Amino acid sequence: MLRRAYAVRPVDGCGLDIGACITPEHVGVLGYLVQSSDNLGQALYAYQRFESLFYGIQMAEVVIRGKQAEIGWPMFGGMSLSLLVDETAISALISFLRKIVPGAPNPVEVTFSSPPPERPEVYEAFFGCPVRFSAPYVSVRFPADYLSIPLPTANPALRQILDRQSMALSNALPGNDPFAFQVQQVFLRLLPDARVSLKEVASEMALSVRTLQRRLTAGGQTFQGLLDRTRQELAQSYLRDRSLSLFEITMLLGFAEQSSFNRAFRQWVGTSPGEWREGA
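The structure presented is a predicted model; accordingly, all values stated were derived computationally and were not measured.

Participant: Please set out helix H13 (residues 223-239) residue by residue, giving values where relevant.
Facilitator: Every α-helix carries 3.6 residues per turn, so stepping three or four residues along brings you back to the same face. The end-to-end C-alpha separation of H13 is 24 Å, in line with the 24 Å expected for 17 residues at 1.5 Å each. The element H13 is extensively covered by neighbouring structure, given that 13 of its 17 residues are classed as buried.

If you want it as structure tokens, here you go:
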């Protein structure tokens, strides 16, 4: 899709404009978790922990080097799908941070592992800092004190809930399957309204039912299997929160009746939700 976009507008920095359009809903639960963090440091570490919920794989590392903090992707060294892909991802990250902290300082440096383009000044103008190409790996560097900048959208109570949801979603899906993660994000939106069905999920994703099933099968998943694993992990996460009643958990998981939730949970773990909560 990025290559097709570039074909329409073949200019250096095409991906920068695309990444700049990012909003929390594009990133799903991870976006809202980052947004509810106390400060930028907590936000970046949340991104590092649950990056796989967006990209389907864990790649980012956040480190402190002297007076600078770095979020980088050294796992694959200089390997890169393309500058277009990398610039879209990094511009999305920076644009997202700029939106949740208006007036935040620019990075100290941005690096790409791809060779330099014809107009590197386009990148420096966008990021507001030096941009280095042909680097060992992709990275963004900030002053270390940048991490302590508070977020105006901080919400500790919401962050705890979203953190549990993110962990539950990560545990629900073995392996790295970006498409299945996308389906899970739709589950989260539809479960409280009890609207999780093949037809509803396919409609939300602008796919036909057949295409949805085919793509899940290609990743070794089934719709019902993925839904059951997601519900089970979410149920156990919610049950650890004593402030949630069994009725509220039943509603959050999209079951019409508590008895239906009880039967499903017993099939998953061999005991009732109440008994599991007592032993947790």
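Participant: Help me get a handle on the pairing of strand E2 (residues 68-73), residues and values and all.
Facilitator: Within E2, 5 of the 6 residues are buried, leaving the element largely enclosed by the surrounding structure. Of the strand pairs in this sheet, strand E1 (residues 61-65) and E2 are connected by 5 bridges, and their pairing is antiparallel. Note that in E2 the partner of Glu61 across the bridge is Gly72. Following E1, the chain reverses through 2 residues before pairing antiparallel with E2; Gly66 in that reversal takes a positive phi of roughly 65 degrees. Sheet topology places E2 next to strand E5 (residues 138-143); 6 bridges connect them, and they run antiparallel. Residue pairing in the sheet places Ile71 in a bridge with Val140 of E5.

Participant: I'd like to hear about the state of the cysteines, residue by residue, with values.
Facilitator: Scanning the entire structure with this criterion turns up 0 disulfides. Cys14 carries a free sulfur, and the closest cysteine sulfur to it, the one in Cys21, is 11 Å from it. On the basis of relative accessibility, which here comes to 4%, the residue Cys14 falls in the buried class. Free of any disulfide, Cys129 has its nearest cysteine sulfur in Cys21, 20 Å distant. Since its relative accessible area comes to 6%, Cys129 is described here as buried.

So, how was this worked out
Residues numbered from 1 in each chain as written. Predicted model: local features only at pLDDT ≥ 70, side-chain atom pairs only at ≥ 80, totals over all residues. Heavy atoms only, no water. Helix = DSSP H or I, 4+ residues; strand = E, 2+ residues; numbered from the N terminus. Expected span 1.5 Å × (residues − 1). Buried < 20%, exposed > 50% of the residue type's maximum accessible area, 1.4 Å probe, protein only. Pairing = 2+ DSSP bridges. Disulfide = S-S within 2.5 Å.

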